[in-house]
Every structure is written in C-alpha cells, then in structure tokens.
Amino acid sequence: MGLTIGVDIGGTKIAAGVVDEEGTILATCKVPTPETPEGVIDAIADAVRTVSEGFEVEAVGIGAAGYVDDKRATVLFAPNINWRHEALKDKVEQRVGLPVVVENDANAAAWGEYRFGAGQGHDDVICITLGTGLGGGIIIGNKLRRGRFGVAAEFGHIRVVPDGLLCGCGSQGCWEQYASGRALVRYARQRAQATPENATVLLSLGDGTPEGIQGKHISDAARQGDPVAIDSFRELARWAGAGLADLASLFDPSAFIVGGGVSDEGDLVLDPIRKSFKRWLVGSQWRPHAQVLAAQLGGKAGLVGAADLARQG
C-alpha cells in the first residue's frame, strides 16, 4: 500500500496528513475541533477530503483519545468528545469512501515512534506520553499490543497511591496525578506557596502569585536555575522513573520512549527520570537496563503512526 492519511484528533484542532511509506508527511490540513460529537466526524471527513486532493490515497488512520474496541472500529468511550460506543470507522468511511482504521491516540503515537522515531532498531518498546495526563503504548515482538478488548496500556490510571489524589477517571491515586504536566504545575504552585524566596524567577514569569504559575513558566524558570522549578521537575521525574521501573518488571522492554509536552524539556526531565528508574528497578545491579529515550517525532507521532497503521490494515 502506498500513501495513507493519518488523522490526529486534538482538543482544539483536528490535523490530517498524507504520509508515505517512509513516514514522511507530504501534505497537512488542520481544522478546528467542533463542539458536538457528530460535528467532529464531519470535520474529520472534511479534513481528509481536503488533504487528499492531488494524491492517490488508499486508506485513513484515525487516532482518537479514549477506548477503542478490538476491531479498531468503535470508540467505546472518549470523555473529551462525549463519544459513547461511536461507530467512527463506519461513519467516516461512508463520508470519504476509503477504508478507515481507528486507533487510540497514544497507541498511534507509540507506533509512530517505534516505526520512524526513537524506537527504530528495537523489537520491544514501551512508550509513555507525559502531557496533560499520562498515556502509553506497548510494542512487544514488533507488534502493537492492544489487549483482548483493545484498551490496554492505559498506564496513567494504574493506581500508585492507595486512596491518593482524586483522578478525573473517578479513581484515586492514579499515576498521571503524580507524573504529568498537570502534576508538574501542582508541584510548582505548592512549592512556590511554601517557599516563595526559592521561586523568585518562577513567580516573576507569571502574575506574581503561585496560582498564576503555568507549565511554560516552570520550563523557563528551570532553565534560569530557579530552585522551585528545578525541584518540581525532579519530583515529577521521581514518580515517572519509579513507574517505568514497575513497567520494566511487567514487560522487560529494551527501551522506554518518553514523549508528550513535558518531555520537550529534554535532559532537564529525562536525566532525573533515568536516575529514578535505576533507583527503583528491582534487581537493578544484576540485570540489563532498558534505555530511557526521548521521543523524536514530537506532535507528529500520532498522525504518522495512525497513517502507518492504516497502511497495514
């Protein structure tokens, strides 16, 4: 199969791109994400039709946040779009006249990194995305592992603290409450409130109050040596690395790939994640260690991965 289209459904925009067999994006199109579930489906179809003009496209892959069934056809649950058992494959196929594959967005991003990014050369890879929440993907034996019902790798909702912080999923103590962009902001605000004298740079970048601290302020302040910003990254990394150590006990991959917006800070966050991983890895001194790698494709991973999964059918 030659050219395919990948679609990445975001909270504010839907991106579609024509992708070749080498993972190169040949053309892109972005449209605003509508507020209604049916409007999102129409917008996906419009983006596919627009971006495919002038190309011989053979299939479409869609990355959607939420639970996707094992047939890769129905979105069982997507909280941000209010889809419940939405027959997305059939509805988009009816509109665009092309075969469609639906995949969880984190799975699609993991596959993109495995095929064309940091995972090249590895057969067994676990990907995590540290964004607003925490997502993941499992590639074992060169295959994307979705589980029996298609909803595996929801790593962010592994409970790491019994009766811990309330999560948006309704549970308590989920990993993403301690290792995510949202957690990073919480750490920084708490620390700035407790010791404002150690957060002078960080506070100056916002409105001067702990409540005004945003993610971009923490990144900028950490680069300028702000103690609270640096410590906040270290706290996030401590939880992220400890979680990777647990995943190593489950899957024993050769590499972990860390993506998402938080990972854009590079070694500022990756080095302490590696240290925490080594600290908490069971039998660390006696066993080989998986590499902890930065994702390479950035925001393109989901689109490229979805297109490649469509190519494979």
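None of these values were measured; they are calculated from a predicted model. (Residues numbered from 1 in each chain as written. Predicted model: local features only at pLDDT ≥ 70, side-chain atom pairs only at ≥ 80, totals over all residues. Heavy atoms only, no water.)

Caption draft 1: Highlighting the pattern of salt bridges. By the definition in use, this model includes 18 salt bridges. Of the charged contacts, one joins Asp46 and Arg49 as a salt bridge, the two residues approaching to 2.6 Å between their closest N and O atoms. In this pair, Asp46 and Arg49 are both assigned in helix H1 (residues 37-51), 3 residues apart and thus about one turn of the helix distant. Given a relative accessible area of 38%, Asp46 falls into the partly exposed group. Close ionic contact of Asp308 with Arg311 constitutes a salt bridge, the shortest N to O distance being 2.9 Å. Taken together, the residues Asp308 and Arg311, both in helix H9 (residues 301-312) and 3 residues apart, mark about one turn of the helix. Assigned by exposure class, Asp308 and Arg311 land together as buried. (Salt bridge = Lys/Arg side-chain N within 4 Å of Asp/Glu carboxyl O. Helix = DSSP H or I, 4+ residues; strand = E, 2+ residues; numbered from the N terminus. Buried < 20%, exposed > 50% of the residue type's maximum accessible area, 1.4 Å probe, protein only.)

Caption draft 2: Seen up close, the sheet that holds strand E1 (residues 3-9). Here we have 5 strands laid out as an open sheet, ordered E3-E2-E1-E4-E8, and mixed in their pairing. At either margin of the open sheet sits one strand with a lone partner, and together these are strand E3 (25-32) and strand E8 (100-104). If you compare each strand with its neighbour and ignore which way they point, the axes differ by 20 degrees on average. With 5 bridges connecting them, strand E4 (residues 57-64) and E8 associate as parallel partners. Bridging from a neighbouring strand, Ile62 pairs with Val102 of E8. Against the sheet, H1 engages E1, strand E2 (13-19), E3 and E4, with an angle of about 150 degrees to E3. Set on the sheet, H9 makes contact with E1, E2, E3, E4 and E8; between it and E1 the angle comes to about 135 degrees. (Pairing = 2+ DSSP bridges. Axes fitted to C-alpha atoms, helices over the stretch in contact; angles between N-to-C directions. Contact = heavy atoms within 4.5 Å.)

Caption draft 3: Seen up close, the sheet that holds strand E13 (residues 291-294). In spatial order, the strands read E11-E10-E9-E12-E13; together these 5 strands make up an open sheet with mixed pairing. Each end of this open sheet is capped by a strand with a single partner; those strands are strand E11 (143-144) and E13. Bridge count for strand E10 (residues 134-140) against E11 is 2 bridges, and the pairing is antiparallel. Along E11, the bridge assignment pairs Ile140 with Lys143. Strands strand E9 (125-130), E10, E11 and strand E12 (255-259) of the sheet are contacted by helix H3 (residues 105-116), whose axis makes an angle of about 50 degrees with E10.

Caption draft 4: Here's a closer look at the nonpolar core. Within the largest apolar cluster, 44 residues are counted, with the highest numbers of intra-cluster contacts made by Ile128, Leu130, Phe155, Ile218, Leu244 and Phe277. Residue assignment for this core shows that the elements contributing at least two residues are E9, E10, helix H4 (181-194), helix H5 (200-205), helix H6 (215-223), helix H7 (227-251), E12 and helix H8 (267-280). The element that contributes the greatest number of residues to this core is H7, accounting for 11 residues. Here Leu130 is in contact with Ala179, Leu236, Ala240, Val258, Gly259, Gly260, Gly261, Val262, Ser263 and Ile273, once residues within four sequence places are set aside. Judged by nonpolar contacts, the second largest core, of 33 residues, contains Ile44, Ile62, Val100 and Val102. (Core = buried A, V, L, I, M, F, W, Y, C linked by side-chain atoms within 4.5 Å.)

Caption draft 5: Seen up close, the environment of Asp69. Mapped onto the elements of the fold, Asp69 is located in the loop between strand E5 (67-68) and strand E6 (75-78). Taking the relative accessible area as the measure of exposure, Asp69 reaches 12% and is therefore buried. C-alpha separation for the pair Asp69 and Gly150, spaced 81 residues apart in sequence, amounts to 4.9 Å. Every residue in contact with Asp69, bar those within four places of it in the chain, is listed here: Thr74, Leu76, Phe149 and Gly150. Within the structure, the side chain of Asp69 is placed 2.9 Å from the backbone nitrogen of Ala73, a separation counted as a polar contact. (Polar contact = N/O pair within 3.5 Å; in protein donor to acceptor, adjacent residues only side chain to side chain.)

Caption draft 6: Structural detail: the packing of H3 against H9. The interhelical angle for the contact between H3 and H9, taken along N-to-C directions, is 85 degrees, at an axis separation of 7 Å. Relative to H9, the element H3 is oriented roughly perpendicular. Contact residues: H3 offers Ala108, Ala109, Trp111, Gly112, Glu113, Arg115 and Phe116, while H9 offers Ala301, Gly302, Val304, Gly305, Ala306, Asp308, Leu309 and Gln312. In terms of residue class, the contact of H3 with H9 is built from 8 nonpolar, 4 polar and 3 charged. (Parallel < 35°, antiparallel > 145°, perpendicular 65-115°, else oblique. Nonpolar A, V, L, I, M, F, W, Y, C, P; charged D, E, K, R; others polar.)

Caption draft 7: The pairing of E3, seen in detail. Of the strand pairs in this sheet, E2 and E3 are connected by 7 bridges, and their pairing is antiparallel. The residue of E3 that forms the bridge with Val18 is Ala27. A loop of 5 residues connects E2 with E3, the two strands running antiparallel in sequence, and Gly23 in this loop sits at a positive phi of about 85 degrees.

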